Amino acid sequence: LLLLHGWAQEAQALAPLADALHAEFPQAAVLVPESATPADGGRRGRMWYSIEGLQQSLDTWPARVAEQLLPLQAWVLAQQQRLGVGPQATCLGGFSQGAILSLELVARHDGIAGRVLAFGGRFVAPPEQAPQHTTLHFFHGSDDTVFPVDGLRQTLDHLAARQGDATIDIAHGVGHQLH
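Let us look at the structure shown here. (Residues numbered from 1 in each chain as written. Predicted model: local features only at pLDDT ≥ 70, side-chain atom pairs only at ≥ 80, totals over all residues. Heavy atoms only, no water.)

Moving on, we get to helix 4 (residues 149-161). The terminal C-alpha atoms of helix 4 lie 19 Å apart, and with 13 residues this matches the ideal 18 Å at 1.5 Å per residue to within 8%. Of the residues making up helix 4, those classed as buried are V149, L152, T155, L156, H158 and L159. Buried residues of helix 4, viewed axially, fall in a sector of 160 degrees; they line one side. Exposed positions of helix 4 whose direction lies more than 90 degrees from the buried face are D150, Q154, D157 and A161. Buried positions along helix 4 lie against strand 6 (135-141) and strand 7 (166-171). (Helix = DSSP H or I, 4+ residues; strand = E, 2+ residues; numbered from the N terminus. Expected span 1.5 Å × (residues − 1). Buried < 20%, exposed > 50% of the residue type's maximum accessible area, 1.4 Å probe, protein only. Arc of directions from axis to C-beta. Contact = heavy atoms within 4.5 Å.)

What follows covers helix 2 (residues 61-83). Taking 1.5 Å of rise per residue, the 23 residues of helix 2 would be expected to cover 33 Å, and the 33 Å separating its terminal C-alpha atoms lies within 8% of that figure. Residue L69 marks the point of greatest curvature in helix 2, where the axis turns by about 30 degrees; the proline P71 follows within four residues. For helix 2, every residue scored as buried is listed here: W61, V65, L69, L72, Q73, V76, Q79 and Q80. Against strand 1 (2-4), strand 4 (91-95) and helix 3 (97-108) lie the buried residues of helix 2. With its phi angle positive at about 65 degrees, G84 sits one or two positions after the end of helix 2. (Bend = angle between axes of the 7 residues up to and from the residue.)

Right, let's get into the pattern of salt bridges. Within the structure shown, the criterion is met by 2 salt bridges. When the shortest N-O distance is used, the salt bridge between R108 and E104 registers 2.7 Å. Of this pair, R108 and E104 both sit in helix 3, 4 residues apart, which is roughly one turn of the helix. Classification of R108 by relative accessible area gives partly exposed; the value is 45%. For E104, a relative accessible area of 6% translates into the label buried. With a shortest N-O distance of 2.9 Å, R153 and D150 are connected by a salt bridge. (Salt bridge = Lys/Arg side-chain N within 4 Å of Asp/Glu carboxyl O.)

Further remarks concern the pairing of strand 4. With 5 of 5 residues buried, strand 4 is to be regarded as a mostly interior element. Alternating residues of strand 4 divide into C91, G93 and F95 and L92 and G94, and every residue in both groups is buried. As judged from the 3 bridges shared by strand 1 and strand 4, these two strands associate in the parallel manner. Its bridge partner being in strand 4, L3 is matched across the sheet by G93. Handedness of the β-α-β unit built from strand 4, helix 3 and strand 5 (residues 115-119) comes out right-handed. (Pairing = 2+ DSSP bridges. Right-handed = clockwise from strand over helix to strand, strands pointing away.)

Below, the discussion takes up unusual backbone geometry. You will see that S96, though not glycine, has its phi angle at about 55 degrees, which is positive. You can see S96 is positioned in the loop between strand 4 and helix 3. Classification of S96 by relative accessible area gives buried; the value is 10%. Even without glycine at this site, Q163 takes up a positive phi of about 65 degrees. Here Q163 is to be found in the loop between helix 4 and strand 7. Using a relative accessible area of 61% as the deciding quantity, one classes Q163 as exposed.

Below is the structure:
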């Protein structure tokens, strides 16, 4: 289980999720790396990519995310090799930025992981082809204003039309948070 934190967070923010997953799957290794980059805007915590200026120009978002995928892919493959775990037994996941990176990685490298747990995250843009070797599980708050749930429902329809395997769990009264 490889979990990636969100923007302006540290790996410790995922400790409750990591503990819950480890309790459910005690034989599994649960790894929660921390990004090396401090969050922009003077915020506490770390980030996988900058969000500066994204409100004004979403055109830069795909490139910022894509820039992180090669190092993430290398890290995932290295952990699989180190632990002797194959792709189908690998679960990638995270919150917000971590979920986005997980989803985008499997969209480009279908089968690098058997499943993705995406908490409060989405694709930068729905993929042309739905992953065929990776099951996607979306966990989202009904009151999420960063990534409104209606957009996620459209994404699930998009994936279903392309024979993708995806589920969604919506927590009512929850915003953009890992709860």
